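Residue strings, one per chain:
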Amino acid sequence: MRQLIVRRLLQTIPLLFFVSIACFALVKLAPGDPVLSFVTPNMHPEDIERIRHHLGLDQPAYMQYLLWLKEMFRGNLGYSLVNHQPVAHQIIERIPATAGLMGSALLLAVLIAIPLGLAAGSQRNRWADKLINLISYIGISIPIFWLAIMLIYLFAIQLHWLPVMGMRTIGKESAMDVIKHGILPCSVLAFSFLSTYVRYIRSGTIGQLKEEYVQIQYAFGSSKRIVLFRHVMKHVLLPIITLLGMSMAELVTGAIVTETVFSWPGIGSLGMTAVKGLDYPVIMGITLLSALLLIIGNLLADILYGFADPRIKTTR
Amino acid sequence: MRKGLYGLLMLALVSLAITACSGNSNNTNSTSSAPDSASPSASAASGEPKDGGNLIFGVQADPQILNPIYAGDRVSLTIDQALYAPLFQVNNGQKTFYLADSLDVSEDNLTYTLKLKSGLTWHDGQPLTADDVVFTFDKILDENQNSYFRENLIIGGKPVEVAKIDDTTVEFKLPQVSPAFEATLVQLTPIPKHIFENEADIQKSTKNNTPVGSGPFKFKEYKTGEYVTLERFDNYFGGKPHLDSITYRIAKDANTTNLALQNGEINVAYVDPADVNTIESTGKFDIQAYSEGRLGYLLFNEDSDTGALAKKEVRQAISYALNRDEMIQAVYGSSDYADPAKSFVTPDGLFFTNDVPTYDNDPEKAKELLASAGVSNLKLRFIVSSGNKAQEAASLYIQQKLKAVGIDVELQNMDSTAYGQKFSDVTAKDYELAFGGYIMGYDPDAYSILYKSGAGANYTRYKNEKVDQLFVQGGSEGDPAKRGEIYQELQKTIAEDAVIYPVAYTKTIVAIDNQFGGLEDAVLKPVVIFENPAKLYLK
């Protein structure tokens, strides 16, 4: 096991290196000029040239990459081209908002998906299954921004229960206030995640119910509920560990659309602004962080898998 | 193993219960959960300025930098307007003095003497003197400081000399006569010397995150991605402001902004023409449409690889084929938010005249002109930034109108950054038409970078020696009467040559919660919304 972890961690270094090259190349291949996002038409061309030089944008792309890489090895992710603040600082500042939102949305989605998926799988092709299927199809196909606007309209404008946007009331520092602001974005995200998990659990349940051990449990007189929640669930949850491992990256990259619609101050909306302005140091910072977490998340999923199902450990 | 899974399940259930509880408790105090500012005060009728209250502006993005010598984006400029007092302002032709008490120009138009008010202070209580003004101008001129405005202080290749005479007097010596220098002084706002004097790179300084200004409101807090709050500065030289605080709330999505306006979470925001009716129907808002000093126009690229628009007759023919009023309807939805434009100068500009050659819709004349120019089967490429409603509407309208006179227009849609790059690249040859807009400020000298031969922003690639000379003369003529003649001549020449097809002077629409008063004294101003937010009050 220890060998596996060390090997996998060593693999991350070349992986991250390639991710950084690919990301940089894509940003540079995109048409546009980062300077355009902060100049106004009545600035003098000489000033604009000087700014470009100051930011190193007059150098060839490979030089810009090498300079970035050099700073990177010193632990410096660089400065934003737009607001000139350190990239690392900007990302760290926004992690709590994003991780809190995504974490609770994922948790909520899984918690709802488990009973729904088990119910759908065990009631295959009956009305409960069809209803749950319908809900998850809606979850997959509904545009997230539309759902968000509709929920805001209902809960904020009509019912006045919840605020429209933001993460807190201006000048207020209370956990309750943040939770109140988080309910809508969290529900929207959870609803969109839900369907994937439900479908995994449903098909897992269908498969497991055909297994012999289920028949044996019934033969011993266990009730359906006990069979489902005590025995089937254990097996069905295995693939969910992998899915959650993959979602580690999402914990920090955030949800671009949801964060933008609700003006949630997370990394998704930081990334969106950076992409629009071709602010490559910020784009690179966010991409590398999410690549790193994706790798670590996968590794963690593998390790957890081993604990959850010892058969896997022995075959490796 | 079994224990582990149950533990996880229990944990999950507990968290679900917590989430559910928080949801419940939220429902129970639903009456108080509506934001404070949403409940309009019953005494709204009085109209007497009262002290207190918090005004919330909706802004589209985080401010890029709260330091006026670097700020170029709309959000930073808007916040700086309340945070940093300017020397003086010119709006709708009116000059209002703020930090400055007077500005005198010498006989030879080469020396400007700026007198500051006495007893000025920064928000931290330090005196604001001539030293701060000189420091600011020195830093703008210092190439290592990377200010965006340096070139404004270089006239005819030489820098303006700035010197302190006494604590409240600063003298500017110009290398040559430049009446546009006054417009430069309007743009440049002093920053505190005692804060920045030891900073090697002011742009990257962390002190920009807790700015110390001189305006009616001082910095209180900035939550990245959420809001910037300013609070009243009691020692403001213009008198104590009425409002306790102003918050600039970051709302990135236009639909959410409209909903937040209706819910009272935002009190002031820009509104799209299409949404005006919805906002107005709530009865809670003053809708103000005001000129931004912006021109929306059809651009003719004279130097495309086909050379199709190099001839003046062809450009005139295209102008004759279009109908300005129809186009305003098509592009801006209503003439309420756009005034017909004929000159390249905007109405807020000095020496503006709309009395210039114009091309009133006449398709027959257009065909004649095309025939006389010996042009037939003309094909033009029109670049459009996808998702830009105004550009899309304009391009479709123009395509259809030009078809009627036998010109084929091919629309080329592209992503907004690609469009921005192509449009601003004065060597791009692969298109003929585009629909653009600009805000250049009130001094017409600013337009020289758009229309002088080979100038950095000469997107039309227009070349006319006479125009070049007129711009040089206008830029260095001290006598306003003579200067006026020069710029009127310029407006006529450029209209005669059909360099662009001016469509409309567009307006900005702002919705302001009608609990707030003092709009007349605060004065609506392009880009920054209010010139003097100190005058706003809660009714």
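Predicted, not measured: the structure shown is a model, and the values here were computed from it.

**Let's talk about the overall build of chain B**
For step 1, the next point in the chain: The helix and strand tally for chain B stands at 17 helices and 23 strands.
For step 2, the next point in the chain: Relative to the 2.2 N^0.38 estimate, which gives 24 Å for 539 residues, the radius of gyration of chain B is 27 Å and therefore close to what a compact globule would have.
For step 3, the next point in the chain: When the backbone C-alpha atoms are referred to their principal axes, chain B occupies close to 85 × 70 × 60 Å.
For step 4, the next point in the chain: When each of the 539 residues of chain B is scored for burial, the buried share is 54%.

**Some words on the pattern of salt bridges**
Residue and element names in this part refer to chain B.
For step 1, the next point in the chain: Under the definition given, this model contains 30 salt bridges over all chains.
For step 2, the next point in the chain: The partner of Asp303 in a salt bridge is Lys429, and the shortest N-O contact between them spans 3.0 Å. Here the residue Asp303 occupies a position in the loop between β14 (285–300) and α9 (312–321), and Lys429 occupies one in the loop between α13 (416–424) and β18 (433–439), the gap between them amounting to 126 residues.
For step 3, the next point in the chain: A relative accessible area of 35% places Asp303 in the partly exposed class.
For step 4, the next point in the chain: For Asp497, the salt bridge goes to Lys312, with nearest N and O atoms at 3.8 Å. Residue Asp497 is located in the loop between α16 (480–496) and β19 (500–513), and its partner Lys312 is located in helix α9; the two are separated by 185 residues in the primary sequence.
For step 5, the next point in the chain: A relative accessible area of 12% places Asp497 in the buried class.

**Remarks on the domain arrangement of chain B**
Residues and elements named next belong to chain B.
For step 1, the next point in the chain: Domain boundaries in chain B define domain 1 (85–200), domain 2 (215–267 + 515–538) and domain 3 (293–507).
For step 2, the next point in the chain: Placing the centre of domain 1 and that of domain 2 at their C-alpha centroids yields a distance of 26 Å.
For step 3, the next point in the chain: Contact residues are listed per partner, giving 12 residues for domain 1 and 14 residues for domain 2.
For step 4, the next point in the chain: For the domain 1 and domain 2 pair, buried surface summed over both sides reaches about 1000 Å², with 52% attributable to carbon and sulfur atoms.

**With respect to the side chain of Asp253(B)**
For step 1, the next point in the chain: Here Asp253(B) is to be found in the loop between β12 (245–250) and α7 (254–262).
For step 2, the next point in the chain: Within the structure, Asp253(B) has its side chain in polar contact with the side chain of Thr256(B) (distance 2.9 Å).
For step 3, the next point in the chain: Those residues in contact with Asp253(B) that lie beyond four places of it in its chain are Ile149(A), Thr260(A) and Val261(A).

**Quick look at the packing of aromatic side chains**
For step 1, the next point in the chain: A full pass over the atoms with the stated rule returns 21 aromatic pairs over all chains.
For step 2, the next point in the chain: Each ring, one from Phe351(B) and one from Tyr487(B), has its centre 5.9 Å from the other, and the planes form 5 degrees; the classification is stacked. Taken as a pair, Phe351(B) in the loop between β15 (338–340) and α11 (363–372) and Tyr487(B) in helix α16 lie far apart in primary sequence, 136 residues in all.
For step 3, the next point in the chain: Overall, the relative accessible area of 1% leaves Tyr487(B) in the buried class.
For step 4, the next point in the chain: A connected cluster of aromatic rings, assembled from ring pairs, spans Tyr297(B), Phe344(B), Tyr438(B), Tyr447(B) and Tyr451(B).
For step 5, the next point in the chain: Above the face of the Tyr79(A) ring, Lys204(B) is positioned so that its terminal group lies 4.3 Å from the ring centre.

**A short note on a nonpolar patch on the surface**
Residue and element names in this part refer to chain A.
For step 1, the next point in the chain: A contiguous nonpolar surface patch, about 530 Å² in accessible area, is contributed by Phe145, Trp146, Met150, Ile256, Val257 and Met272.
For step 2, the next point in the chain: Breaking the nonpolar patch down by element, the ones donating at least two residues are α6 (144–158) and α10 (256–261).
For step 3, the next point in the chain: When residues in the nonpolar patch are grouped by element, the largest group, 3 residues, is from α6.
For step 4, the next point in the chain: Tracing the chain through its elements places Phe145 in helix α6.

**Here we look at the confidence of the model for chain B**
Residues and elements named next belong to chain B.
For step 1, the next point in the chain: Looking at chain B, pLDDT values average 87 and 91% of them are 70 or higher.
For step 2, the next point in the chain: Below pLDDT 50 for its whole length, residues 1–46 participates in 42 contacts with residues either more than four positions away or in separate chains.
For step 3, the next point in the chain: We note a pTM of 0.84 for the whole complex and an ipTM of 0.85 for its interfaces.

**Digging into the sheet that holds strand β8 (residues 161–166) of chain B**
All names here are of chain B.
For step 1, the next point in the chain: Here 4 strands make up an open sheet; going across it, the order is β4-β5-β9-β8 and the pairing antiparallel. Two strands close off the open sheet at either side, each with one partner strand: β4 (100–105) and β8. In this sheet, adjacent strand axes meet at a mean angle of 20 degrees when their direction is disregarded.
For step 2, the next point in the chain: Taken strand by strand, helix α4 (residues 130–141) contacts β5 (111–116), β8 and β9 (169–173), and its axis lies near 170 degrees from that of β8.

**Digging into the pairing of strand β1 (residues 54–59) of chain B**
Residue and element names in this part refer to chain B.
For step 1, the next point in the chain: β1 sits mainly inside the fold: 5 of its 6 residues count as buried.
For step 2, the next point in the chain: Pairing analysis gives 6 bridges linking β1 to β12, with the strands arranged parallel. Bridge pairing links Gly58 to Arg249 in β12.

**Let's talk about the side chain of Thr184(B)**
Residues and elements named next belong to chain B.
For step 1, the next point in the chain: As for its position among the elements, Thr184 is in helix α5 (residues 181–187).
For step 2, the next point in the chain: Residue Thr184 is classed as buried on the basis of its relative accessible area of 8%.
For step 3, the next point in the chain: Beyond its immediate sequence surroundings of up to four residues, Thr184 is in contact with Asn152 and Leu153.

**Quick word on the packing of helix α3 (residues 61–73) of chain A against helix α12 (residues 280–308) of chain A**
Residue and element names in this part refer to chain A.
For step 1, the next point in the chain: In the contact formed by α3 and α12, the axes pass within 12 Å of each other and the chain directions differ by 55 degrees. One element, α3, and the other, α12, form an angle in the oblique class. For α3 against α12, the interelement crossing comes out right-handed. Side by side, α3 and α12 meet where Gln64, Tyr65, Trp68 and Met72 of the first sit next to Tyr280, Met284 and Leu288 of the second.
For step 2, the next point in the chain: The residue makeup of the contact of α3 with α12, split by class, is 6 nonpolar, 1 polar and no charged.

**Structural notes on the pairing of strand β17 (residues 408–414) of chain B**
Residue and element names in this part refer to chain B.
For step 1, the next point in the chain: As paired elements, strand β16 (residues 379–385) and β17 share 7 bridges and run parallel to each other. By the bridge assignment, Arg381 is partnered in β17 with Glu410.
For step 2, the next point in the chain: Since β16 and β17 lie parallel, the crossover through helix α12 (residues 389–403) that links them has a hand, and here it is right-handed.

**Some thoughts on the nonpolar core**
Residues and elements named next belong to chain B.
For step 1, the next point in the chain: Among the nonpolar cores identified, the biggest contains 101 residues, and Phe172, Phe181, Leu230, Tyr248 and Phe530 are the most heavily contacted of them.
For step 2, the next point in the chain: With residues near it in sequence (within four places) discarded, Phe172 still touches Leu110, Thr111, Tyr112, Leu114, Val133, Phe137, Val160, Glu161, Val162, Phe181 and Leu185.
For step 3, the next point in the chain: The next biggest cluster of nonpolar side chains, apart from the first, holds 37 residues, and it includes Phe300, Leu309, Leu369 and Val384.

**Brief notes about the UniProt feature "transmembrane region" (unreviewed entry) in chain A**
Residues and elements named next belong to chain A.
For step 1, the next point in the chain: Look at the UniProt record and you will see "transmembrane region" (unreviewed entry) annotated at residues 12–30, 101–122, 134–162, 182–200, 236–262 and 282–308.
For step 2, the next point in the chain: The annotated region residues 12–30 carries 95% helix and 0% strand content, and the separation between its end C-alpha atoms amounts to 27 Å.
For step 3, the next point in the chain: As a span, residues 134–162 carries 79% helix and 0% strand, and end to end its C-alpha atoms are 28 Å apart.

**Focus: the UniProt feature "domain: Solute-binding protein family" (unreviewed entry) in chain B**
For step 1, the next point in the chain: Under the UniProt annotation, the feature "domain: Solute-binding protein family" (unreviewed entry) is placed at residues 99–456 of chain B.
For step 2, the next point in the chain: The span residues 99–456 of chain B is 27% helix and 25% strand, and its two end C-alpha atoms sit 33 Å from each other.

**Focus on the interface of chain B and chain A**
How big an interface is tends to be stated in terms of accessible area lost as the parts join.
For step 1, the next point in the chain: Each side of the interface is counted separately: chain B has 65 residues, and chain A has 63 residues.
For step 2, the next point in the chain: When the two sides are added together, the surface that chain B and chain A hide from each other amounts to roughly 5800 Å², 59% of it contributed by carbon and sulfur.
For step 3, the next point in the chain: Among the residues chain B hides against chain A, the three largest losses belong to Gln64(B), Tyr148(B) and Lys252(B). Together they make up 11% of the total.
For step 4, the next point in the chain: The interface formed by chain B and chain A holds 3 salt bridges in total.
For step 5, the next point in the chain: In this structure, the salt-bridge partner of Glu173(A) is Lys223(B), at a minimum N-O distance of 2.8 Å.
For step 6, the next point in the chain: At the junction of chain B and chain A, the tally comes to 18 residue pairs in polar contact (both at pLDDT 80 or more).
For step 7, the next point in the chain: Elements that contribute at least two residues to the side of chain B that touches chain A include exactly α1 (2–28), α2 (30–33), β10 (217–223), β11 (227–232), β12, α7 and α13 of chain B.
For step 8, the next point in the chain: Considering each element in turn, the side of chain B that touches chain A owes the most residues, 12 residues, to α1(B).

Cut-offs applied
- Residues numbered from 1 in each chain as written.
- Chains lettered and ligands numbered in written order.
- Predicted model: local features only at pLDDT ≥ 70, side-chain atom pairs only at ≥ 80, totals over all residues.
- Heavy atoms only, no water.
- Helix = DSSP H or I, 4+ residues; strand = E, 2+ residues; numbered from the N terminus.
- Rg over C-alpha atoms; globule rule 2.2 N^0.38 Å.
- Buried < 20%, exposed > 50% of the residue type's maximum accessible area, 1.4 Å probe, protein only.
- Salt bridge = Lys/Arg side-chain N within 4 Å of Asp/Glu carboxyl O.
- Domains from an automatic or database assignment.
- Contact = heavy atoms within 4.5 Å.
- Buried area = accessible area lost by both parts, 1.4 Å probe.
- Polar contact = N/O pair within 3.5 Å; in protein donor to acceptor, adjacent residues only side chain to side chain.
- Phe/Tyr/Trp six-rings, centres within 6.5 Å; stacked < 30°, edge-to-face > 60°.
- Lys NZ or Arg CZ within 6 Å of the ring centre and 35° of its normal.
- Patch = residues over 30% accessible without salt bridge, like charges linked within 9 Å, V, L, I, M, F, W, Y side chains within 5 Å.
- Areas by Shrake-Rupley, 256 points an atom, 1.4 Å probe, with all protein chains shown as cover.
- pLDDT = per-residue confidence, 0-100.
- Pairing = 2+ DSSP bridges.
- Axes fitted to C-alpha atoms, helices over the stretch in contact; angles between N-to-C directions.
- Parallel < 35°, antiparallel > 145°, perpendicular 65-115°, else oblique.
- Left-handed = near helix turned anticlockwise from the far one by under 90°.
- Nonpolar A, V, L, I, M, F, W, Y, C, P; charged D, E, K, R; others polar.
- Right-handed = clockwise from strand over helix to strand, strands pointing away.
- Core = buried A, V, L, I, M, F, W, Y, C linked by side-chain atoms within 4.5 Å.
- UniProt positions renumbered as here; feature names shortened; annotations may be inferred.

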